[in-house]
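# Commentary on secondary and tertiary structure
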Amino acid sequence: MLVREYRTRLRDILAEMNPEEANAIADLLLCAALETDRGTMLSVLDEEMSEESEEFCGKAIKELSYGKPIQYILGSCCFYGQEIFVGDGVFIPRSDTELLVETALKLLQPGDVFADLCSGSGCISRAIGANLPDCRGYALELSQKALPYTIRNLDPCSNVEVLRFDVLDADDYAALSIKAGRQIDLLISNPPYIPTDVIDFLSTEVQYEPHNALDGGEDGLRYYRAIVAYAPLILKPDGIILFEIGYDQGEDVSRILEEAGYSVAVLKDYSKNDRVVLAKRG
């Protein structure tokens, strides 16, 4: 079968599962199967599909039908211009989180130190580290399944160090303060923020991701409270906290920060939903 014919067939099959993204997913799978980029794939449409390429796509279709995210099947995704490796056990980066990165890039100055709490894949630290080589950072993650991805994705950034870190444990903050040798200028985090009893109602694809990267406790605010409570152990007196939040959490997260003495602003994403909370001490 020609690549052109197989492409049409693949699109038709995928349209039954995901009509809005069928064409894009089909091309992603074809590029992976042919081990090439989209431009080259389009130039070989009149060549024959190999048996190995068809087998790859067939297996991928089966996995997609079970709800496995396309990013896990391909093993990577793009985030803020960086290739981020992902797989079972690590949260998949979302484009909404790029607003968090854009905000941090505007605030950090040469020589500043940042800490990325609940780092997961390390996508936030990778984006900041790659764009601000004069800054130093720490990518902090607890999950033993996620850490290999954090380490791999931060390997190109010599200015970012990966550490196993529990954001709910005050002792880890104290240890980081000693290791850093100075107070941190900016804390940034996209923590788990979905209320526990909501997780079972999420899409099958989202539930395929690790629940510990989704579960924010009974009201979804557990990690925000902990980070704000322990931040003084590492954050300088006029330091900044940047949080990604759920679309309906702006008021609650702002209140947690304001009660701790921070000045707060809530930033909206491109869909006009509350997405980032910016807080400054002092």
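See the structure above.
Parameters and conventions
- Residues numbered from 1 in each chain as written.
- Predicted model: local features only at pLDDT ≥ 70, side-chain atom pairs only at ≥ 80, totals over all residues.
- Heavy atoms only, no water.
- Helix = DSSP H or I, 4+ residues; strand = E, 2+ residues; numbered from the N terminus.
- Rg over C-alpha atoms; globule rule 2.2 N^0.38 Å.
- Buried < 20%, exposed > 50% of the residue type's maximum accessible area, 1.4 Å probe, protein only.
- Areas by Shrake-Rupley, 256 points an atom, 1.4 Å probe, with all protein chains shown as cover.
- Lys, Arg positive; Asp, Glu negative; His and termini not counted.
- Charge placed at Lys NZ, Arg CZ, Asp CG, Glu CD.
- Polar contact = N/O pair within 3.5 Å; in protein donor to acceptor, adjacent residues only side chain to side chain.
- Contact = heavy atoms within 4.5 Å.
- Core = buried A, V, L, I, M, F, W, Y, C linked by side-chain atoms within 4.5 Å.
- 1 Å grid on protein atoms, 1.4 Å probe; cavity = no way out; pocket = protein on both sides within 12 Å on 5 of 7 lines; lining within 4 Å.
- Points joined across faces, edges and corners; volume = space filled by probe spheres on them.
- Nonpolar A, V, L, I, M, F, W, Y, C, P; charged D, E, K, R; others polar.
- Salt bridge = Lys/Arg side-chain N within 4 Å of Asp/Glu carboxyl O.
- Pairing = 2+ DSSP bridges.
- Phe/Tyr/Trp six-rings, centres within 6.5 Å; stacked < 30°, edge-to-face > 60°.
- Lys NZ or Arg CZ within 6 Å of the ring centre and 35° of its normal.
- Axes fitted to C-alpha atoms, helices over the stretch in contact; angles between N-to-C directions.
- Left-handed = near helix turned anticlockwise from the far one by under 90°.

### Observations concerning the overall build of the protein
- Assigned secondary structure in the protein consists of twelve helices and nine strands.
- For the protein, whose C-alpha radius of gyration is 21 Å, the value lies close to the compact-globule estimate of 19 Å for 282 residues.
- Principal axes of the C-alpha set define a box for the protein whose edges measure 65 × 40 × 35 Å.
- Counting all 282 residues of the protein, 49% fall into the buried class.
- Only carbon and sulfur atoms are counted for the fraction: they give 48% of the accessible area of the protein, which is about 13700 Å².
- Charge separation in the protein, taken as the distance between the mean sites of 26 positive and 48 negative side-chain charges, equals 4 Å.

### Focus on the side chain of E209
- Tracing the sequence through the fold places E209 in the loop between α10 (204–207) and α11 (222–230).
- Under the relative-accessibility criterion, E209 is labelled buried at 3%.
- At a separation of 2.6 Å, a polar atom in the side chain of E209 contacts the side chain of R94.
- In this view, E209 contacts Y72, F91, I92, R94 and L214; residues no more than four positions away in its chain are not counted.

### Concerning the nonpolar core
- If you look at the biggest cluster of nonpolar residues, it comprises 36 residues, and the most contacted ones within it are L117, L187, I241, F243 and L257.
- Of all the secondary structure elements, the ones that give two or more residues to this core are β3 (113–117), β4 (136–141), α9 (170–180), β6 (184–189), α11, β7 (235–244), α12 (250–259) and β9 (274–281).
- Looking at this core element by element, the count peaks at four residues for α11.
- For I241, the contacting residues outside a window of four places in its chain are L187, A231, L235, L257, Y262, V277, L278 and A279.
- Judged by nonpolar contacts, the second largest core, of 31 residues, contains I84, V90, A104 and C135.

### Considerations on the environment of H211
- Residue placement: H211 occurs in the loop between α10 and α11.
- Of the residues examined, H211 reaches a relative accessible area of 37% and is grouped as partly exposed.
- Along the sequence, H211 and F85 sit 126 residues apart, while their C-alpha atoms lie 19 Å from each other.

### Focus: the layout of surface pockets
- For the largest pocket, the calculated volume is near 1000 Å³.
- Lining the largest pocket are 45 residues, with F91, P191, P192, A213 and L214 positioned closest to its centre.
- Looking at the lining of the largest pocket residue by residue, the classes come out as 26 nonpolar, ten polar and nine charged.
- Reported here for the second largest pocket is a volume of approximately 320 Å³.

### What about the pattern of salt bridges?
- Across all of its chains, the model carries 16 salt bridges by this definition.
- Here E161 makes a salt bridge to K179, at a shortest N to O gap of 3.2 Å. A residue pair is termed long-range when its members are at least 10 positions apart, and E161 in strand β5 (residues 160–164) and K179 in helix α9 qualify at 18 residues.
- Owing to a relative accessible area of 32%, E161 belongs among the partly exposed residues under this scheme.
- Look at the salt bridges and you will find they share partners, linking R7, R11, D27 and R38 into a network.

### What about the pairing of strand β1 (residues 76–79)?
- The pairing of β1 with strand β2 (residues 82–85) spans four bridges and is antiparallel. Looking at β2, one finds that S76 is bridged to F85.

### Overview of the packing of aromatic side chains
- If you walk through the whole model with that rule in mind, you get four aromatic pairs.
- Relative to Y173, the ring of F165 has its centre 5.0 Å away and its plane inclined at 75 degrees; by these criteria the two rings are edge-to-face.
- In textbook terms, an aromatic cluster arises when at least three aromatic residues are bridged by ring pairs, as seen for F165, Y173 and Y230.
- Across the ring face of Y223, the terminal group of R222 is positioned such that the distance to the ring centre comes to 5.9 Å.

### Regarding the packing of helix α6 (residues 98–107) against helix α7 (residues 123–131)
- The contact between α6 and α7 brings their axes to 10 Å, and the two run at 35 degrees. Crossing of α6 against α7: the hand is right-handed. Between α6, through L100, V101, A104 and L105, and α7, the contact on the second element is made entirely by I124, A127, I128 and N131.
- Tallied by class, the residues present in the contact of α6 with α7 amount to seven nonpolar, one polar and no charged.

Purely spatial values, then, with no claim about function.
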